[in-house]
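Notes for the structure review
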Amino acid sequence: MNIDTVVDKKHLGKCFKELADAPLSALRGVSEDDARALQQAFNIRTVRELANLNFIKWAVAITTLADEEQMQPAEKAKEELLDDAVEMTFPASDPISVDSGITRIEVAPDKVDAQADHQHAGKVEESTESGKEKEAAAQ
């Protein structure tokens with residue numbers, strides 16, 4: 001990392017020891033007003049004091065550990081169940097075939113209008129009626 005990208009223009013070319021003891025405004029993006037606000041809030045004046053601030057250390061530790069944290073057993077089970085469910089779907093889970101023998105359905109099969117015949121209820125009633133008629137004729 002080029003240190004010149006994170007320090008203010010007035011502090012370019014300074015060594016790390018000088019930068020550590022420099023005022024907070026030495027950091028690029030921290031204005032004089034920001035530095036005063038940090039001084040009032042946390043009683044810090046230098047880059048070194050900011051780096052040694054417990055809140056900063058805690059935040060860094062928490063985010064570092066969060067990135068490495070393992071899933072809880074319940075989360076892991078849900079994730080594996082979801083993976084298994086996706087794996088069992090067809091054809092989404094199957095890789096695209098590169099064989100020349102791919103079979104395509106060129107014409108879509110006849111479909112029942114789901115809006116008018118939810119779950120084939122009309123077809124079931126029709127089949128039941130025709131079954132009753134056949135039974136009556138057979139008697």
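Our structure is the block above this text.
Residues numbered from 1 in each chain as written. Predicted model: local features only at pLDDT ≥ 70, side-chain atom pairs only at ≥ 80, totals over all residues. Heavy atoms only, no water.

1. Structural notes on the environment of phenylalanine 42
Tracing the sequence through the fold places phenylalanine 42 in helix 2 (residues 32-42). Through-space distance from the C-alpha of phenylalanine 42 to that of leucine 53 is 8.2 Å; in sequence the pair is eleven residues apart. (Helix = DSSP H or I, 4+ residues; strand = E, 2+ residues; numbered from the N terminus.)

2. Examining the nonpolar core
With five residues, the main nonpolar core is built from Leu24, Ala35, Ile44, Leu50 and Leu53. In contact with leucine 24, not counting residues within four places along its chain, are Val30, Ala35, Leu38, Ile44, Arg45, Thr46, Val47 and Leu50. (Core = buried A, V, L, I, M, F, W, Y, C linked by side-chain atoms within 4.5 Å. Buried < 20%, exposed > 50% of the residue type's maximum accessible area, 1.4 Å probe, protein only. Contact = heavy atoms within 4.5 Å.)

3. Some points on the pattern of salt bridges
Scanning the model with the defined rule gives two salt bridges in all. We note a salt bridge from arginine 48 to aspartate 21, for which the minimum N-O separation is 3.0 Å. Placement of arginine 48 in helix 3 (residues 47-51) and of aspartate 21 in the loop between helix 1 (16-20) and helix 2 is noted, with a sequence separation of 27 residues between them. Among the residues examined, aspartate 21 registers a relative accessible area of 47% and is labelled partly exposed. (Salt bridge = Lys/Arg side-chain N within 4 Å of Asp/Glu carboxyl O.)

4. Structural notes on the side chain of threonine 46
Looking at where threonine 46 falls in the secondary structure, it is placed in the loop between helix 2 and helix 3. When its relative accessible area of 17% is taken as the criterion, threonine 46 is described as buried. Side-chain polar atoms of threonine 46 contact the backbone nitrogen of glutamate 49, separated by 3.1 Å. (Polar contact = N/O pair within 3.5 Å; in protein donor to acceptor, adjacent residues only side chain to side chain.)

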